[in-house]
Amino acid sequence: MTVRHAGFAGWFLLLVLQPVWHAWLAPPTETAMAPTLVLCLLPLLLPALALRTPRRALLWAAIVSLLYFSHGIAEFWSHPPLRILATAEIVFSLAVVLAAGFDGRAKAVSGER
């Protein structure tokens, strides 16, 4: 598996984690579920607009996943019962960011365009 594949796997796992978290394991109690799911999934769908160029899609996914990294950190510290889900979100986000970084570094070293 290449670094780019690992990044796309992390992105896909973030896409799967959001509905599992917010619709099944810990549904919102004070708001409706539909707006919560839209707000959680919409940013993760933006990199799909750049799938024709995988390196650019991975870069977009990395930028978007920084939001989910921040959300994971906040949930980890503020809601102890959700720490497992928050840890998964942090790990998947880091996988995307690190994969994009290593992929960009490989491009710079090889001189690709």
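Residues numbered from 1 in each chain as written. Predicted model: local features only at pLDDT ≥ 70, side-chain atom pairs only at ≥ 80, totals over all residues. Heavy atoms only, no water.

Some remarks on the overall build of the protein
Part 1 of the reasoning: What the protein contains, in helices and strands, is four helices and zero strands.
Part 2 of the reasoning: Secondary structure elements of the protein, listed N to C terminal, follow the sequence α-α-α-α.
Part 3 of the reasoning: For the C-alpha atoms alone, the extent of the protein along its principal axes is close to 50 × 25 × 20 Å.
Part 4 of the reasoning: Buried residues in the protein amount to 31% of all 113 residues.
Part 5 of the reasoning: Partitioning the intrachain contacts of the protein with sequence separation of at least 6 by distance along the chain shows that 64% fall at a separation of at least 24.
Part 6 of the reasoning: Carbon and sulfur atoms make up 74% of the accessible area of the protein, which amounts to about 7,100 Å² in all. (Helix = DSSP H or I, 4+ residues; strand = E, 2+ residues; numbered from the N terminus. Buried < 20%, exposed > 50% of the residue type's maximum accessible area, 1.4 Å probe, protein only. Contact = heavy atoms within 4.5 Å. Areas by Shrake-Rupley, 256 points an atom, 1.4 Å probe, with all protein chains shown as cover.)

With respect to the nonpolar core
Part 1 of the reasoning: Counting 20 residues, the largest nonpolar core has Trp-11, Trp-21, Leu-44, Leu-58 and Val-96 as the members making the most contacts within it.
Part 2 of the reasoning: Of all the secondary structure elements, the ones that give two or more residues to this core are α1 (3-25), α3 (54-78) and α4 (83-110).
Part 3 of the reasoning: Apart from residues no more than four positions distant in its own chain, Trp-21 is found in contact with Ala-26, Pro-27, His-71, Glu-75, Leu-82, Leu-85, Ala-86 and Glu-89. (Core = buried A, V, L, I, M, F, W, Y, C linked by side-chain atoms within 4.5 Å.)

Side note on the pattern of salt bridges
Part 1 of the reasoning: Across all of its chains, the model carries two salt bridges by this definition.
Part 2 of the reasoning: Asp-103 is the salt-bridge partner of Arg-55, the closest N and O atoms lying 3.1 Å from each other. Note that Arg-55 is positioned in helix α3 and Asp-103 in helix α4, a separation of 48 residues in sequence.
Part 3 of the reasoning: Members of the salt-bridge network, linked through shared partners, are Arg-4, Arg-55 and Asp-103. (Salt bridge = Lys/Arg side-chain N within 4 Å of Asp/Glu carboxyl O.)

Considerations on helix α2 (residues 33-45)
Part 1 of the reasoning: Between the first and last C-alpha of α2 there are 18 Å, a value that for 13 residues agrees with the 18 Å anticipated at 1.5 Å per step.
Part 2 of the reasoning: Its buried side turned inward, α2 meets α1 and α3. (Expected span 1.5 Å × (residues − 1).)

Brief notes about the packing of aromatic side chains
Part 1 of the reasoning: As enumerated under the stated definition, the model contains two aromatic pairs in all.
Part 2 of the reasoning: Taking 5.9 Å as the distance between ring centres and 50° as the angle between the ring planes, the aromatic pair formed by Phe-8 and Trp-11 counts as tilted. Placement of both Phe-8 and Trp-11 in helix α1 is noted, with a separation of three residues, approximately one turn of the helix.
Part 3 of the reasoning: Classification of Trp-11 by relative accessible area gives buried; the value is 9%.
Part 4 of the reasoning: Arranged with centres 5.4 Å apart and planes meeting at 85°, the rings of Phe-76 and Trp-77 form a pair that is edge-to-face.
Part 5 of the reasoning: Using a relative accessible area of 23% as the deciding quantity, one classes Phe-76 as partly exposed.
Part 6 of the reasoning: When the ring centre of Phe-76 is taken as origin, the NZ or CZ atom of Arg-83, which lies over that ring, is 4.8 Å away. (Phe/Tyr/Trp six-rings, centres within 6.5 Å; stacked < 30°, edge-to-face > 60°. Lys NZ or Arg CZ within 6 Å of the ring centre and 35° of its normal.)

Considerations on α3
Part 1 of the reasoning: A rise of 1.5 Å per residue sets the reference length of α3, with its 25 residues, at 36 Å; its end C-alpha atoms lie 35 Å apart and thus fit the reference within 8%.
Part 2 of the reasoning: When the local axis directions of α3 are compared, the greatest deviation, roughly 25°, occurs at Ser-65.
Part 3 of the reasoning: All of the buried residues along α3 are Ala-57, Leu-58, Ala-61, Ala-62, Val-64, Ser-65, Tyr-68, Gly-72 and Glu-75.
Part 4 of the reasoning: In this fold, the buried residues of α3 make contact with α1, α2 and α4. (Bend = angle between axes of the 7 residues up to and from the residue.)

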